[in-house]
Structure formats: C-alpha cells, structure tokens
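Overview (structure and organization)
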Amino acid sequence: MVSRVVFGRGSFNQLDEILAPKRNGRHAPFIYYVDDVFKGNRWLTSRINLSYKDKIIYVPTLEEPKTSQIDQLVEDIILEFSELPSGIIGIGGGIVLDVAKAVSLMLTNKGEAKDYQGWDLIKQPSIYHVGVPTISGTGSEVSRTTILTGPERKLGINSDYTPFHQVVLDPELTKDVPKDQWFYTGMDCFVHCVESLDGTYLNAFSQSYGEKALEMCKEIFLGDDLSKEEAQDKLMMASWHGGMSIAYSQVGVAHAMSYGLGYLLGVKHGIGNCIVFDHLEDYYPEGVKLFKQMKAKHNITLPKGICADLEPHQFDKMIDVALSLEPLWENALGKDWKKEMTREKLLDLYKKM
Ligand code: ZN
C-alpha cells in the first residue's frame, strides 16, 4: 500500500516540503516526469522548485509506455548523473504515473524492464517515488502495478515495491481535463469497481472500497447535485478507492480484452475499456446497463469498427494477449474459466468492436 498521502485542493504546494527531507545530497537529483500536456503551463510548472541537478522531463502521452522506453529513461539517468536520484516524481495521468513507478524500480534492478513483467519478479526495493495524479480514474496512484507494453505482451510489473511511497491528491490539478478524457478515464474507475465486485476473488477488504467507489461514480456520472469542484474531489477519491478494491482482488473480462486492443492497435486503456465494456452485457449485465446510461447522459460516442479490417492472425494475437492474463479470467469466471471463455467467443466479441 501507499504509506503516505496528502489530500486537498492546493496540496500540490506542499510537494517541496515533502521532498526536502528525502534529498540525498546535491549530486542525487529529484527527477520529475511531467505529462507533456503541461509543457508551458506555468500555473503548474512554476510550482515545481528545482534545486542542484533536479530535472523536469516531459513525457509524451499519445502512446502508453513501452518496456523499451523505460529502459531508455533509466539509461539516460545513469549516463547523466553520478549518483542515483533522491527520488522520482510522476505528475500526470496513468501513463506518467506508471513511467515514474517503472523507472524507480528499474534503477535498482538489473536487466531490462520486460524481464519483470509479471507478478513479484522484482527483487530489490525501488528508489523513493512520489505520484501526483492530474486526471482521476486509473487508480495507478494506489496500485501495485505499472502497466507496460513489451515485445511479447502487455502486462504490468506487479510487486510490493511498485506502489508510491507518497501520493499527493490535489483535485484542482484535474480542472483542465478535456471532457472525453474525463469520461474514459473515469469509466476505468467504474469498470474497476464492477469487475472487482462481480469477481470470484471478492473479499470484505475489496468490497468495502469497491462499493464506496461505485457509489461515488454513480453520483458523479449519473447525478445532478454536485458542483464541478465536488465532482473533481469525489472522482479523485473514487479512483483511489477503486484502485484499493482491485489491489486485493482483480479486474476482469473488460481489462483482459482491452489489453488485447492496446497491444495490437495501441488503443489507450480508458477508451479501450469503454469499447469493450459496451459489449459485455452477458458478463456484467447491471454494470453495462449503468455504463450505457452514463454514456448517454454525457453524449459520448465511442469509436466503432476498430477491428473491422483486421486479418485472422491479428485477431489471434489479440486473443493470445487477452487469454494470457489468467488471474483476470479466473477472477471473472471462476477456476473453470477455460471451459467458459473460448477463442471463438473472444473472436465474436472482438469482431463486434
Ligand atoms: Zn484499469
């Protein structure tokens, strides 16, 4: 779990104070990975105080992170600085937060990032790392994974060393998120709740967080009573609770299939989940009904026909990626999931998308 967290509008201003005691001398910089949407945005960047060799690195977010990108970022740090950084700070959405987590792990673990995709393969503690989300929903700020696309698969580095040491939750940082992005990323949180609450791995820990997050998602996406600020505050906490819920359970069918779309077509996580979830009424009837209501209320039109021109071997690859995520299927469908979820069924579903 994340051991330290501050919450509140304007709490980003406390970052300096939080980091100061963690500095390991003037040769050990703090590296800030910042979503490149904030390039030139002085409202945010002027509040990052750089000292000694500290550095801001803008991270492009058109594509989700690749293992090779992490290896490059780690090498850049090793070549530029004589000492390991004092800390890595990720300021952005799920992509940037995952980059910050992955780099902080790979600075202390030998080899390539792709060697660690899976569960509990990391052996050495990471360096100190801090997460500052600027969009709500992915739960990356609280999760014990960092999702990466490698040469073979799209899979996270799941480990006890992955979670941030510190998170700063400042809902004000989400004020300029475009509407479609807000919806897709918010729906990631909603899907986390549904997949956790409907899963066979469910337990009292996951349920307590999942139910709270689901309730907040309904208020935010279906209610009419919240002010803009209240909705921002609540979505930030819904993301946190949704992340906590899956931390002790698992996600399910939508995530498994969305990873297939992401791997083959580069479809980003939030929108990928939405495209898949829209077709999952057989698996999550209640959740899909709510999702369609939310989609209608916010006038969201999802892309259609993204799989229309795919070749058979491409469908095969997507199905391979989806089926390789065994814990997700076991959570969704139980121990005998292989009897229920066949390649043919997956093919039919993908063909509809
Ligand atoms: Zn997700």
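Preceding this section is the structure that the text describes.
Figured I'd write up the structure that's included with this text. Here the structure is a predicted model, which is why all the values come from computation and not from measurement.

Definitions and limits used
Residues numbered from 1 in each chain as written. Predicted model: local features only at pLDDT ≥ 70, side-chain atom pairs only at ≥ 80, totals over all residues. Heavy atoms only, no water. Pairing = 2+ DSSP bridges. Helix = DSSP H or I, 4+ residues; strand = E, 2+ residues; numbered from the N terminus. Donors = N, O, S within 2.8 Å, 3.2 Å for Na, K, Ca; no water. Tetrahedral: all angles 85-135°; square planar, octahedral: opposite > 155°, others 65-115°. Buried < 20%, exposed > 50% of the residue type's maximum accessible area, 1.4 Å probe, protein only. Core = buried A, V, L, I, M, F, W, Y, C linked by side-chain atoms within 4.5 Å. Contact = heavy atoms within 4.5 Å.

1. Topic: the sheet that holds strand S7 (residues 147-149)
Hydrogen bonds along the backbone pair up the strands of a sheet, which may run parallel or antiparallel. The sheet built from three strands is open, its strands ordered S5-S8-S7 with mixed pairing. The two strands at the open ends of the sheet, each matched to only one other strand, are strand S5 (118-119) and S7. Of the pairings in the sheet, the one linking S7 to strand S8 (residues 154-158) comprises three bridges and is antiparallel in character. Looking at the pairing, Leu 148 lines up with Leu 155 of S8.

2. Focus on the coordination of the zinc ion
The zinc ion binds to the protein through Asp 188 (OD), His 192 (NE2), His 255 (NE2) and His 269 (NE2), with metal-donor distances spanning 2.1 to 2.2 Å. Around the zinc ion, the four donor atoms sit at angles spanning 86 to 174°, and that spread fits a shape best called irregular. On the primary sequence, the residues serving as donors to the zinc ion are separated as D-x3-H-x62-H-x13-H. Taken as a pair, His 192 in helix H5 (residues 179-197) and His 255 in helix H8 (residues 253-265) lie far apart in primary sequence, 63 residues in all. Looking at His 192, the relative accessible area reads 3%, which means it is buried. The exposure class of His 255 is buried, given its relative accessible area of 1%.

3. Digging into the nonpolar core
Within the largest apolar cluster, 59 residues are counted, with the highest numbers of intra-cluster contacts made by Phe 190, Met 257, Phe 277, Leu 280 and Trp 329. The element best represented in this core is H5, accounting for nine residues. Beyond its immediate sequence surroundings of up to four residues, Met 257 is in contact with Val 276, Leu 280, Ala 322, Trp 329, Leu 346, Leu 349, Tyr 350 and Met 353. Judged by nonpolar contacts, the second largest core, of 32 residues, contains Val 2, Ala 102, Met 106 and Phe 164.

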